[in-house]
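Now for the letters of each chain:
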Amino acid sequence: NFIVTNTLFPSDICMKEVLIEDIARVMGCDKLPMSMPMINAGNINFDQRPRQVKQLIHQVLLASGLDEAIGYSMTSRKNLARCQMDQMLSIAVTNPLSAEQEILRPHLLPTLFPSLVLNINRGNRDVRLFEIGNVFSPAGETTTLAIVMTGRRYNDWRLSRKENVEFVDIKGVLAQVAQHLRIPITFQ
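Read on for a plain summary of the structure. Predicted model only: the values in this text are computed from it and were never measured.

A few words on the overall build of the protein chain. Tallying secondary structure elements over the protein chain gives five helices and six strands in all. Mapped in sequence order, the helices and strands of the protein chain form the string α-α-β-β-α-β-β-α-β-β-α. Seen through its principal axes, the protein chain has C-alpha atoms that stretch 90 × 40 × 35 Å. Counting all 188 residues of the protein chain, 23% fall into the buried class. A separation threshold of at least 6 residues defines the contact pool for the protein chain, and within that pool the share at least 24 residues apart is 55%. Total accessible area on the protein chain is roughly 14700 Å²; 56% of this is exposed by carbon and sulfur atoms.

What follows concerns the pairing of strand 5 (residues 127-137). Strand residues, when the strand is regular, have side chains that alternate between the two faces of the sheet. Along strand 5, nine of the 11 residues are buried, which leaves the element largely enclosed by surrounding structure. Direction of pairing for strand 1 (residues 67-68) relative to strand 5: parallel, over a ladder of two bridges. From the neighbouring strand, aspartate 67 faces strand 5, where its bridge partner is leucine 129. Inspection of the sheet shows strand 5 paired to strand 6 (residues 140-150) by 11 bridges, in the antiparallel sense. When the sheet's bridge partners are listed, valine 127 is paired in strand 6 with threonine 150. In sequence, strand 5 turns back onto strand 6 through a hairpin of two residues.

This next bit is on the environment of leucine 112. On the secondary structure map, leucine 112 appears in helix 4 (residues 109-121). Sequence separation of leucine 112 and phenylalanine 46 is 66 residues, and the distance between their C-alpha atoms is 30 Å. Excluding residues that lie within four positions of it along the chain, leucine 112 makes contacts with Ala69, Leu129, Glu131, Ala146, Ile147 and Val148.

This part is about the sheet that holds strand 5. Taken in spatial order, the three strands line up as 1-5-6 in an open sheet, and their pairing is mixed. If you trace the sheet from one side to the other, it starts and ends with strand 1 and strand 6, each paired once. Packing of helix 2 (residues 49-63) onto the sheet brings it into contact with strand 1, strand 5 and strand 6, and relative to strand 5 it is tilted by some 155°.

With that out of the way, let us pick up helix 2. If you check helix 2, its first and last C-alpha atoms are 21 Å apart, about what 15 residues at 1.5 Å a residue would give, namely 21 Å. Every buried residue belonging to helix 2 is among Ile57, Val60 and Leu61, and all of these are buried. Looking straight down helix 2, one finds its buried side chains confined to an arc of 95°; they lie on one side. Of the exposed residues in helix 2, those oriented more than 90 degrees away from the buried face are Gln59 and Ala63. If you follow the buried residues of helix 2, they end up packed against strand 5, strand 6 and helix 5 (167-181). In the segment just after helix 2, glycine 65 is the residue with positive phi, at about 90°.

Time to look at unusual backbone geometry. What is expected of a backbone is that most residues other than glycine have negative phi and most peptide bonds are trans. For glutamine 84, which is not glycine, the phi dihedral falls at a positive 55°. Topologically, glutamine 84 is positioned in the loop between helix 3 (77-82) and strand 3 (91-92). In this structure glutamine 84 comes out as exposed when scored by relative accessible area, which is 73%. Here arginine 182, not a glycine, exhibits a phi torsion of approximately 60°, which is positive. Mapped onto the elements of the fold, arginine 182 is located in the segment after helix 5. The exposure class assigned to arginine 182 is exposed, which follows from its relative accessible area of 77%.

Conventions we followed
- Residues numbered from 1 in each chain as written.
- Predicted model: local features only at pLDDT ≥ 70, side-chain atom pairs only at ≥ 80, totals over all residues.
- Heavy atoms only, no water.
- Helix = DSSP H or I, 4+ residues; strand = E, 2+ residues; numbered from the N terminus.
- Buried < 20%, exposed > 50% of the residue type's maximum accessible area, 1.4 Å probe, protein only.
- Contact = heavy atoms within 4.5 Å.
- Areas by Shrake-Rupley, 256 points an atom, 1.4 Å probe, with all protein chains shown as cover.
- Pairing = 2+ DSSP bridges.
- Axes fitted to C-alpha atoms, helices over the stretch in contact; angles between N-to-C directions.
- Expected span 1.5 Å × (residues − 1).
- Arc of directions from axis to C-beta.

Below, the structure is given as structure tokens:
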């Protein structure tokens, strides 16, 4: 037990936390007992369904032969224009680190297409990518799925005819996702 009286000098001892810190420094921090804080996680209500749905979609897409791409949440107006989405409402970053990160992405494609272009430029023309990520608009933040495919449908040397991927390939992948989620899907 300590009895502490405050003197006029030094005047920085005005809170008990400052005094406790000074006592710990004098005694030696290595002599203080250590313990982990007690947190009762049972009281925290957390809806697991969005995470489970995202994991299920992720598993179905990987099983369908797609690779996951993870893009930054920020992009440039130039990337938006390249995807012909420069008319979309976007949220500007007040103090961007670079010109490549000047807005929050309103769609996943402006950050997914550079990965596609990088693969094609490196000689990989048979690309199947997806991204599950957040997009931002003045209305709020939404989790979205984007899929891009290019090149041959199957990379099988035994096939004499090499067919390119088409819209029906993406449609088939989306139908599989909908079947696993047990939700109806229609295409127009």
